[in-house]
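Fold and contact review
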Amino acid sequence: MGLLFLGTPLQWEEAKKYADHVRSHGITQFLYTWDRLKDRQGDELLWGDEVEYMVVVFDDEEKNAKLSLRQTEILAKLRDIVDDLSCNKEQQGTIPTFHPEYGRYMLESTPGSPYTGSLPDLISVEGNMRYRRTLARKYLKANEIPLSFTSFPRLGTPGVFTEPYFDPADAVSSHSLFLPEEITNPHARFPTLTANIRTRRGSKVAINLPIFFDRNTPRPFIDPAIPRDRFIYPEDSEAKNGAALQDHIYMDAMGFGMGCCCLQLTFQSCNVTEARRMYDALVPVGPILLALTAASPFWRGYISDVDCRWNVIAGSVDDRTEEERGVKPLKDNKFVIPKSRYDSVDLYISEDAINRPEYNDNPLPYDKAIYDRLREHGIDNLLSKHISHLYIRDPLVVFSETIDQDDTTSMDHFENIQSTNWQTVRFKPPPPNSPIGWRVEFRSMEVQITDFENAAFAVFVVLLSRAILSFSLNFYVPISKVDENMRTAQQRNAAREGKFYFRKSVLPTGRVSGSTTPCSSEDGNGNTPKEKKLRNCFPAPPVPEEATPVEEEYQLMTMEEIMIGTKCKSFPGLLGLVDSFLETLDLDKETAAKIGTYLDLIRRRSTGSLVTTATWMRNFVRSHPAYKFDSVVSQEINYDLLVAVDNIERGVRKEPDLLPDTYCGGLHDEGCL
């Protein structure tokens with residue numbers, strides 16, 4: 001998560017003095033990188049995943065599942081193990097790596113080296129993920145388990161939910177009523193980030209999720225677990241003065257959002273143009289896969305009426321002042337900013353002809369001086385707006401040792417702001433002094449319980465990304481409709497009951513659905529040779545033959561229609577497009593069968609024959625013998641739920657509503673590299 005530098009972070013009153021300095025030098029650093037690498041061409045497809053776990057301690061006597069706060073100790077042990085494995089293995093680059101995250105109970109894992117476009121690499125993803133989990137599990141305590149689980153259901157409840165226990169009264173960074181200081185990674189960046197968001201905002205963050213009203217839930221619902229009479233910090237009165245809404249679950253700290261786990265993917269592109277094309281194409285896909293991976297219906301020990309984490313994280317890092325939120329007229333701030341710095345994408349950035357100006361239909365605040373500077377340097381309108389929009393934000397953490405940098409060789413000031421604009425998709429310039437090229441990061445998905453599911457969604461997204469480029473697909477809908485889709489995606493059971501705006505025709509103008517093969521040379525017999533690997537470097541989409549009114553290009557569709565296709569067959573569905581792309585590949589039977597199991601999972605989630613993780617969790621709790629139909633996830637229920645999650649992952653417990661009958665689990669397959 002962002003930059004981890006060993007140094008002295010400045011508190012907000014000092015850090016804000018350097019905001020313009022960081023912005024100015026950040027743009028200078030970007031321009032040096034742009035000048036060096038804007039013409040870089042021919043980078044092959046390299047890609048990777050990030051899977052986050054929470055380490056849970058099971059107390060079988062007390063029937064309590066708690067968060068283990070041993071992240072520092074666990075990571076030190078894993079680092080030693082990884083170093084030993086690297087020394088003893090010929091292919092050192094394949095050994096996975098583990099990283100810290102915001103929550104002191106969290107681990108992030110990545111492959112030791114990127115996957116390539118080879119087909120063997122594509123079907124190795126699940127084994128790699130499982131190996132990482134197995135490695136972590138081996139070096140934890142006997143009662144500690146690494147769970148790929150989006151949000152801990154009882155984070156912030158009264159009583160004991162961490163091991164060891166700490167009192168929220170000592171939350172000196174967040175001033176939270178619910179979360180102790182020790183929930184946060186001890187690296188100086190994280191508590192400073194937490195405190196600076198609160199100080200800059202002028203209040204604690206205020207997150208309110210609607211409660212799910214079950215038959216015994218009190219109406220109105222006024223949360224009895226909020227300590228409204230605490231008077232330790234100046235902000236303690238906020239909850240009773242209106243920050244905590246009636247009929248909602250109230251949360252007041254960064255840890256509730258940044259303590260969530262997710263699944264993210266990053267792709268290297270052929271060049272900057274292709275990266276911008278891929279960025280735009282994935283923007284409308286973000287809400288769809290958020291809904292399909294929904295996995296977080298429980299918060300602070302209650303059942304909410306939403307299924308996803310997104311608005312919780314958006315609220316947890318919302319550093320906007322009252323002026324920036326539009327609550328007060330602008331006086332000390334420059335901009336009214338419609339969204340948190342963690343939210344959906346605000347601007348399409350490709351210069352392809354299919355990106356019509358009408359698609360960027362939301363108001364876009366941007367720094368005019370930075371925009372003019374970028375334009376004067378020769379950067380086009382859309383990319384200049386993208387960067388200058390990101391740069392309306394202040395840097396949240398400034399280290400005194402890094403204020404002065406060599407802008408010709410560093411990107412730290414640029415990344416200080418770039419990396420704290422957390423959006424559904426991220427456009428990533430090459431890092432300095434690195435062979436890495438222009439990249440795109442896909443960030444919306446919720447992490448799934450099993451490595452099989454996480455691999456399925458990873459493989460689907462990488463195949464969809466190649467279909468987009470290979471077939472010159474057009475997914476553009478107005479940005480305002482993407483925002484509406486993000487709101488729909490988080491609703492309870494959105495994958496089955498929601499409708500999303502999606503484009504009716506995604507194929508290039510003039511091309512019929514039966515001719516969805518990419519541009520390739522034919523062999524001597526007039527046949528197009530099949531590709532032996534996934535690749536980059538495709539031609540630009542053709543210029544549209546004629547423009548239809550934008551409002552006629554899209555319609556509301558169900559998840560099944562978006563993924564499987566519409567009844568009239570004019571839109572083949574995202575899975576249909578992936579199936580067509582697979583026909584262009586030279587697949588052996590084993591590879592085709594493996595990919596088929598992944599796509600079948602996604603197909604069945606799309607049709608509802610398999611439920612989302614969030615729906616399975618709801619059903620588990622509401623059928624638990626201790627549940628009182630009062631929207632409360634008790635300690636006992638939470639314990640049984642997380643035991644079941646671990647048993648499902650290991651293959652000990654079968655859940656035919658959630659996973660196919662063929663799923664075996666980690667107990668039978670520890671994974672491999």
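Reading guide: rules and limits
Per chain, residues are indexed from 1 in the order of the written sequence. Local features in a predicted model are, by the rule used here, given only for residues with pLDDT of at least 70; side-chain atom pairs are given and counted only at 80 or more, and totals for whole chains, interfaces and linings are based on all residues. Where side-chain values are given, they derive from all heavy atoms of the structure, hydrogens and water being excluded. UniProt positions are given in the numbering used here, feature names are shortened, and annotations may be inferred rather than shown by experiment. Of the two site types, the cavity is a set of points on a 1 Å grid over the protein atoms alone where a 1.4 Å probe fits but cannot get out, and the pocket is an open set with protein on both sides within 12 Å along at least five of seven lines, each lined by residues with an atom within 4 Å of a point. Grid points are joined across faces, edges and corners, and a volume is the space filled by probe spheres set on the points. Helix numbering and strand numbering both begin at the N terminus, where a helix is a DSSP run of H or I of at least 4 residues and a strand a DSSP run of E of at least 2. Each residue is assigned to one of three groups, with Ala, Val, Leu, Ile, Met, Phe, Trp, Tyr, Cys and Pro labelled nonpolar, Asp, Glu, Lys and Arg labelled charged, and all others, Gly among them, labelled polar. Relative accessibility under 20% of the residue-type maximum defines a buried residue, over 50% an exposed one, and the middle range a partly exposed one, all with a 1.4 Å probe and only protein chains included. The rule for pairing is simple: two strands pair if DSSP sees at least two bridges between them. For helices, the fitted line uses only the C-alpha atoms of the stretch in contact; every axis is such a line through C-alpha atoms, and the angle between N-to-C directions lies from 0 to 180 degrees. By the definition adopted for this analysis, an angle is roughly parallel if under 35 degrees, roughly antiparallel if over 145, roughly perpendicular if from 65 to 115, and oblique otherwise. By the convention used here, residues are in contact when the closest approach between their heavy atoms is within 4.5 Å. Note on aromatic pairs: the rings of Phe, Tyr and Trp (six-membered ring only in Trp) are paired at centre separations within 6.5 Å, and the planes decide the class, stacked below 30 degrees, edge-to-face beyond 60, tilted for the rest. Two conditions define a charge sitting above a ring: the NZ of Lys or the CZ of Arg must be within 6 Å of the ring centre, and it must be within 35 degrees of the ring normal. We call a pair of cysteine sulfur atoms a disulfide whenever their separation is within 2.5 Å. Handedness of a crossing is defined here by the sense of rotation of the near helix relative to the far one, left-handed for an anticlockwise turn of less than a right angle and right-handed for a clockwise turn. By this rule the span expected of a helix is its residue count minus one, scaled by 1.5 Å. Each direction from the helix axis to a C-beta atom contributes to the arc, which is the arc of those directions.

The name given to the protein chain in an unreviewed UniProt entry is Glutamate--cysteine ligase, with Rickenella mellea as the source organism. What UniProt states about the protein chain under its Sequence similarities (unreviewed entry) heading is, verbatim, "Belongs to the glutamate--cysteine ligase type 3 family." Taken from UniProt, the Catalytic activity (unreviewed entry) comment for the protein chain reads in full: "L-cysteine + L-glutamate + ATP = gamma-L-glutamyl-L-cysteine + ADP + phosphate + H(+)".

**A look at the layout of surface pockets**
Leftover empty space is mapped by rolling, across the atoms, a probe with the size of a water molecule. Taken as a whole, the largest pocket spans an internal volume of roughly 1400 Å³. The wall of the largest pocket is formed by 50 residues, among which Glu50, Thr266, Lys428, Arg439 and Glu441 lie closest to the centre. At the level of elements, β1 (47-59), β3 (97-100), β4 (106-110), α8 (254-258), β9 (263-268), α14 (412-418), β14 (425-428) and β15 (439-442) are the ones that each hand at least two residues to the lining of the largest pocket. Per-class residue counts for the lining of the largest pocket are 24 nonpolar, 13 polar and 13 charged. The computed volume of the second largest pocket comes to approximately 560 Å³. Every residue lining the second largest pocket is counted, 25 residues in all, and those nearest its centre are Arg200, Thr321, Asp332, Asn333 and Asp394. Elements with a minimum of two residues in the lining of the second largest pocket: α1 (12-15), α2 (19-37) and α6 (189-201).

**Points about the pairing of β9**
Most of β9 is tucked away: 6 of the 6 residues are buried. In β9, alternate side chains face the same way, and those of Leu263, Leu265 and Phe267 on one face and Gln264, Thr266 and Gln268 on the other are all buried. Sheet topology places β1 next to β9; 5 bridges connect them, and they run antiparallel. Paired with Trp47 across the bridge in β9 is Phe267. Of the pairings in the sheet, the one linking β9 to β15 comprises 4 bridges and is antiparallel in character. Bridged to Gln268 within β15 is Arg439.

**Some remarks on the packing of helix α15 (residues 451-470) against helix α19 (residues 574-582)**
To characterise two packed helices, one gives the angle between the axes of the helices and the distance between these axes. α19 packs onto α15 with a crossing angle of 75 degrees between their chain directions and a minimal axis gap of 9 Å. As summarised for this structure, α15 and α19 are arranged roughly perpendicular, according to the angle between their axes. Together, Phe460, Leu463, Leu464, Arg466, Ala467 and Ser470 of α15 and Leu574, Leu575, Leu577, Val578, Phe581 and Leu582 of α19 make up the contact between the two elements. Residues of the contact of α15 with α19, tallied by class, amount to 10 nonpolar, 1 polar and 1 charged.

**Some thoughts on the packing of aromatic side chains**
Tallied over the full model, the rule gives 26 aromatic pairs. Between the aromatic rings of Trp47 and Tyr115, the centroid separation amounts to 4.7 Å while the plane-to-plane angle is 45 degrees, which identifies the pairing as tilted. Of this pair, Trp47 sits in strand β1 while Tyr115 sits in the loop between β4 and α4 (119-122), and the two are 68 residues apart along the sequence. Residues Trp47 and Tyr115 agree in their burial class; the two are buried. Through a chain of ring-to-ring contacts, three or more aromatic side chains come together here, namely Phe30, Trp34, Tyr391, Phe414, Phe427 and Trp438. The ring centre of Phe190 lies 5.9 Å from the NZ or CZ of Arg189, which sits over that ring. Across the ring face of Phe178, the terminal group of Arg300 is positioned such that the distance to the ring centre comes to 4.1 Å.

**Details of helix α21 (residues 613-622)**
Within α21, 8 of the 10 residues are buried, which leaves the element mostly enclosed by the surrounding structure. Residues of α21 that are buried: Thr613, Ala614, Thr615, Trp616, Met617, Arg618, Phe620 and Val621. Where α21 is buried, its residues touch β10 (298-299), β11 (302-303), α15, α20 (589-607) and α22 (635-650).

**Points about the state of the cysteines**
As enumerated under the stated definition, the model contains 1 disulfide in all. The disulfide partner of Cys270 is Cys537, and the gap between their sulfur atoms is 2.2 Å. Residues Cys270 and Cys537 share a disulfide whose torsion about the S-S bond is about 95 degrees; that sign makes it right-handed. Taken as a pair, Cys270 in the loop between β9 and α9 (272-282) and Cys537 in the loop between β16 (499-503) and β17 (554-558) lie far apart in primary sequence, 267 residues in all. A disulfide-free cysteine, Cys261 has its sulfur positioned 7.5 Å from the sulfur of Cys260, the nearest such atom.

**Here's the deal with the packing of helix α12 (residues 368-376) against helix α13 (residues 381-390)**
Two numbers describe how α12 lies on α13: the axes approach to 9 Å, and their chain directions differ by 145 degrees. The crossing of α12 and α13 is right-handed. On α13, the residues touching Ile370, Tyr371, Leu374 and Arg375 of α12 are Asn381, Ser384, Lys385, Ile387 and Ser388. Of the residues contributing to the contact of α12 with α13, the split by class is 4 nonpolar, 3 polar and 2 charged.

**Details of helix α3 (residues 71-88)**
End to end, α3 covers 26 Å across 18 residues, agreeing with the expected 26 Å (1.5 Å per residue, within 8%). Restricting attention to buried positions, one finds in α3 the residues Gln71, Ile74, Leu75, Leu78, Ile81, Val82 and Ser86. Buried residues in α3, looked at end-on, bunch into an arc of 135 degrees, giving them a common side. Exposed and facing more than 90 degrees away from the buried side of α3 are Cys87 and Asn88. Buried positions along α3 lie against β1, β2 (64-68), β3, β4, α5 (125-138) and β5 (144-147).

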